[in-house]
Amino acid sequence: MTAHPVKFDKNTVITVFGASGDLAKKKTFPALFGLYREGYLDPSTKIIGYARSKLTCDDLKNRIKPFLKTPNGDKDTPKVQDFLNMLSYISGPYDTDEGYLELKSHIETFETKAGVHEPHRLFYFALPPSVFLSVAKQIKKLVYATNGITRVIVEKPLGHDLKSSRQLQKDLSPLFTEDEIFRIDHYLGKEMVKNLLPFRFGNLSIGSSWNKNNIQSIQISFKEPFGTEGRGGYFDNTGIIRDVMQNHLLQILTLLTMERPVSFDAEAVRDEKVKVLKSMAPIDVNNIIIGQYGKSEDGTKPAYLDDETVSPNSKCITFAALTFNIQNERWDGVPIIMRAGKALNDGKVEIRVQYKSVATGAFNNIPNNELVIRVQPNEAVYFKFNAKVPGLSNETQVTELDLTYATRFKNFWIPEAYEALIRDALLGDHSNFVRDDELDVSWALFTPLLEYLEGPDAPQPEIYPYGSRGPKDLSDYLRKNHFEVTKSGYTWPVTSPDSN
């Protein structure tokens, strides 16, 4: 079951730069196909892949075809073939005119045949940041739609720290307006992340309790069950904080804590995100945990330093737990814990909102209520509360109200994150994209921490076993920051597994 498709302009041209790379193959082209499959991408759309690789168009199609999702897994359906027929490919350098002149001719020939008078062109940067500026300059010089609409989707990393982020902004700003730039953070396209604002502000019962008077602490966690798997050379210059915390998890944090926007207008939403970011106290380097995974306890999984692409003396952080404090009327005194790690015992992203204990008196020894929002996998919202055990006993136990999407919304198409965000960009909706000042404030928040962790006197990360929950002091850290780790009297349902 899907909503009635809202289409953008016919004869839109989408150019995917970095078309031969993994991101384009696994995410960008499959997302475009998903939109086409569900009726959200008009068949008149032209999709052009551009990369330095010397490929034919058939080579590109054969690369991406296995990653296109169909209901029964069959890749030879008419729908797949029709989508592949919308594709073409151009091989060319990123920093000289030759390939762009061919791209210009290709686009203009298509638009002329289609009778397009006001072009609508979207350029997707599935590229490393080292070539962002070269490609941006060539687009503006040769293929910018001067008499129509030009939009550019830029992938992370959007800088390495505050200085580099500001330089990137400075370089791009003369080329494209803020309205033309869409800085993508795919977490903002995830169904449960997009649900945060309706959930908070569309339910009075939730919204009225969403403050320091009722909430004891909040935890946002990201867990991966695998390590760098031979990609340590890349990760060694990034670390877990840049990889997921400064961007993905911070986006979740802002949506959890921002005030209600005055309207659904994209700028109203992004204004509130910036406001709450500016209310955050500096990250306390004395209230963090950092770790790096070692060998698994049974010796079957390698340590981070066993990766041949990693420096043998690397202090790269593969696990971190940080606590944020928001200095405003709603949140003052409520610790917000963000933790993320690789090579852990599970793979999931979830939010835990833990309510305060019952006041002194009857029932003051029962567990805290907890609202859990599982972003991935198997999207769900469930509320842990105390109820009387059936029968003659007055004993209580923890149970739950459970909304698991896979069971509640069986007949609904839930779009992938990239599907949702590419469609937003095509429609010109910035609501779920990062604004320039938001990016600046987020880097200003994290850069002092990164400089401390990567400076000459950087602390040594604690080694934790591959496949564990993380550093041994994690439970103590959570308790110190007012998150009660308890399992007593609770039987976890199959659809909502224990995350602790």
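Residues numbered from 1 in each chain as written. Predicted model: local features only at pLDDT ≥ 70, side-chain atom pairs only at ≥ 80, totals over all residues. Heavy atoms only, no water.

Got a minute to help me understand the overall build of the protein chain in this structure?
Per the secondary structure count, the protein chain includes 16 helices and 15 strands. At 24 Å, the protein chain has a C-alpha radius of gyration in line with the 23 Å of a compact globule built from 500 residues. Considered along the principal axes of its C-alpha atoms, the protein chain spans approximately 80 × 55 × 45 Å. Looking at the protein chain as a whole, 53% of its 500 residues are labelled buried. The long-range fraction of contacts in the protein chain, counting pairs at least 24 apart against all pairs at least 6 apart in sequence, stands at 77%. Only carbon and sulfur atoms are counted for the fraction: they give 51% of the accessible area of the protein chain, which is about 22300 Å². The centroid of the 60 positive side-chain charges in the protein chain is displaced by 2 Å from the centroid of its 64 negative side-chain charges. (Helix = DSSP H or I, 4+ residues; strand = E, 2+ residues; numbered from the N terminus. Rg over C-alpha atoms; globule rule 2.2 N^0.38 Å. Buried < 20%, exposed > 50% of the residue type's maximum accessible area, 1.4 Å probe, protein only. Contact = heavy atoms within 4.5 Å. Areas by Shrake-Rupley, 256 points an atom, 1.4 Å probe, with all protein chains shown as cover. Lys, Arg positive; Asp, Glu negative; His and termini not counted. Charge placed at Lys NZ, Arg CZ, Asp CG, Glu CD.)

Can you help me understand the sheet that holds strand β9 (residues 319-324) in this one?
Spatially, the nine strands line up as an open sheet ordered β14-β13-β12-β11-β7-β10-β9-β8-β15, and their pairing is mixed. Across the chains shown, the open sheet's two edge strands, defined by having one partner strand only, are β14 (396-404) and β15 (462-465). Each strand of the sheet is rotated relative to its neighbour by a mean of 20 degrees, with strand direction disregarded. Packed on one face of the sheet, helix α11 (residues 239-257) meets β7 (215-223), β9, β10 (336-341), β11 (348-355) and β12 (370-376) and runs near 145 degrees to β10. Across the sheet, helix α15 (residues 436-454) is in contact with β8 (289-294), β9 and β10; its angle to β9 comes to roughly 135 degrees. (Pairing = 2+ DSSP bridges. Axes fitted to C-alpha atoms, helices over the stretch in contact; angles between N-to-C directions.)

Just to check I follow, could you spell out the nonpolar core for this structure?
Across soluble globular proteins, nonpolar side chains have a tendency to be buried as a group. Of all hydrophobic cores here, the largest spans 142 residues; its most connected members are Phe17, Phe125, Met245, Ile252 and Phe446. Setting aside chain neighbours within four positions, we find Phe17 in contact with Tyr50, Tyr94, Tyr100, Leu103, Phe123, Tyr124, Phe125, Ala126, Leu127, Val135 and Ile139. (Core = buried A, V, L, I, M, F, W, Y, C linked by side-chain atoms within 4.5 Å.)

Please clarify how the packing of aromatic side chains should be interpreted in this entry.
Each aromatic ring pair is specified by the distance between its two centres and by the angle formed by the two planes. In total, this model carries 21 aromatic pairs according to the counting rule given. Ring geometry for Tyr50 against Tyr94: centres 6.0 Å apart, planes inclined by 35 degrees, an arrangement best described as tilted. Of this pair, Tyr50 sits in strand β2 (residues 46-51) while Tyr94 is found in the loop between β3 (87-91) and α4 (97-114), placing the two residues 44 residues apart along the sequence. Tyr50 gets classed as buried once you look at its relative accessible area, which sits at 0%. Ring plane angle 70 degrees and centroid distance 6.4 Å describe the contact between Phe235 and Tyr304, whose orientation is recorded as edge-to-face. With Phe235 in helix α10 (residues 232-235) and Tyr304 in the loop between β8 and β9, this pair connects stretches of sequence that are 69 residues apart. The residues Phe235 and Tyr304 share a single accessibility class, namely buried. (Phe/Tyr/Trp six-rings, centres within 6.5 Å; stacked < 30°, edge-to-face > 60°.)

Help me understand the sheet that holds strand β6 (residues 181-183), please; the structure alone is not making it clear to me.
Hydrogen bonds along the backbone pair up the strands of a sheet, which may run parallel or antiparallel. The parallel open sheet is built from six strands, whose spatial order is β3-β2-β1-β4-β5-β6. Only two strands of the sheet have a single neighbouring strand rather than two, namely β3 and β6. Across the sheet, the mean angle from the axis of one strand to that of its neighbour is 20 degrees, orientation sign disregarded. Examined bridge by bridge, strand β5 (residues 149-154) and β6 share three bridges and lie parallel to one another. If you follow Val152 over to β6, its bridge partner there is Ile181.

Where do I start with the environment of His482 in this structure?
Mapping His482 onto the fold places it in the segment after α16 (474-480). Along the backbone, His482 and Lys356 are 126 residues apart, and their C-alpha atoms lie at a distance of 9.5 Å.

What is the right way to look at the UniProt feature "domain: Glucose-6-phosphate dehydrogenase NAD-binding" (unreviewed entry) in the protein chain in this model?
When the UniProt feature table is mapped onto this chain, "domain: Glucose-6-phosphate dehydrogenase NAD-binding" (unreviewed entry) is found at residues 16-195. Along residues 16-195, the helical share is 43% and the strand share 16%, with 29 Å between the first and last C-alpha atoms. (UniProt positions renumbered as here; feature names shortened; annotations may be inferred.)

Help me out: how do you make sense of the layout of surface pockets in this one?
Empty space left among the atoms is revealed by rolling a probe the size of a water molecule over them. Computed from the structure, the second largest pocket encloses a volume of approximately 520 Å³. In terms of lining residues, the second largest pocket is bounded by 19 residues, among which Lys194, Leu197, Pro198, Phe264 and Val269 are the most central. Listed by contribution, the elements that provide at least two residues to the lining of the second largest pocket are α7 (191-194), α8 (196-201) and α12 (266-278). When residues of the lining of the second largest pocket are assigned to their parent elements, the largest contribution, three residues, is made by α8. (1 Å grid on protein atoms, 1.4 Å probe; cavity = no way out; pocket = protein on both sides within 12 Å on 5 of 7 lines; lining within 4 Å. Points joined across faces, edges and corners; volume = space filled by probe spheres on them.)

Please explain the packing of helix α1 (residues 22-37) against helix α14 (residues 417-427) as it appears in this structure.
Helices that pack against each other are described as a pair by the angle of their axes relative to one another and the distance between those axes. Their axes nearest at 8 Å, the elements α1 and α14 cross at an angle of 70 degrees. What the angle tells us is that α1 and α14 run roughly perpendicular. Crossing angle aside, the handedness with which α1 passes α14 is right-handed. Here α1 contributes Leu23, Lys27, Thr28, Pro30, Ala31, Leu32, Gly34, Leu35 and Arg37 to the contact with α14, which in turn contributes Tyr418, Glu419, Ile422 and Arg423. When its residues are assigned to classes, the contact of α1 with α14 shows seven nonpolar, two polar and four charged. (Parallel < 35°, antiparallel > 145°, perpendicular 65-115°, else oblique. Left-handed = near helix turned anticlockwise from the far one by under 90°. Nonpolar A, V, L, I, M, F, W, Y, C, P; charged D, E, K, R; others polar.)

Please clarify how unusual backbone geometry should be interpreted in this entry.
A cis amide bond links Lys156 with the next residue in sequence, Pro157, at an omega value of 5 degrees. Its place among the elements puts Pro157 in the loop between β5 and α6 (162-172). Residue Pro377 is reached from Gln376 by a cis peptide bond, and omega for that bond is -15 degrees. Topologically, Pro377 is positioned in the loop between β12 and β13 (380-388). Look at His482: it is not a glycine, yet its phi comes out positive at around 70 degrees. Take His482: its relative accessible area is 44%, and that puts it in the partly exposed class.

Honestly, α1 in this entry has me stumped. Any pointers?
Helical periodicity: at 3.6 residues per turn, an α-helix aligns residues three or four positions apart in one direction. Helix length check: α1, at 16 residues, gives a terminal C-alpha distance of 22 Å against a target of 22 Å (1.5 Å per residue), a fit within 8%. Helix geometry: α1 is bent most strongly at Pro30, by close to 25 degrees. In terms of burial, α1 is largely enclosed, as twelve of its 16 residues are buried. Buried residues of α1: Ala24, Lys25, Thr28, Phe29, Pro30, Ala31, Leu32, Phe33, Gly34, Leu35, Tyr36 and Arg37, and no others. Gly39 sits one or two positions beyond α1 and adopts a positive phi of about 90 degrees. (Expected span 1.5 Å × (residues − 1). Bend = angle between axes of the 7 residues up to and from the residue.)

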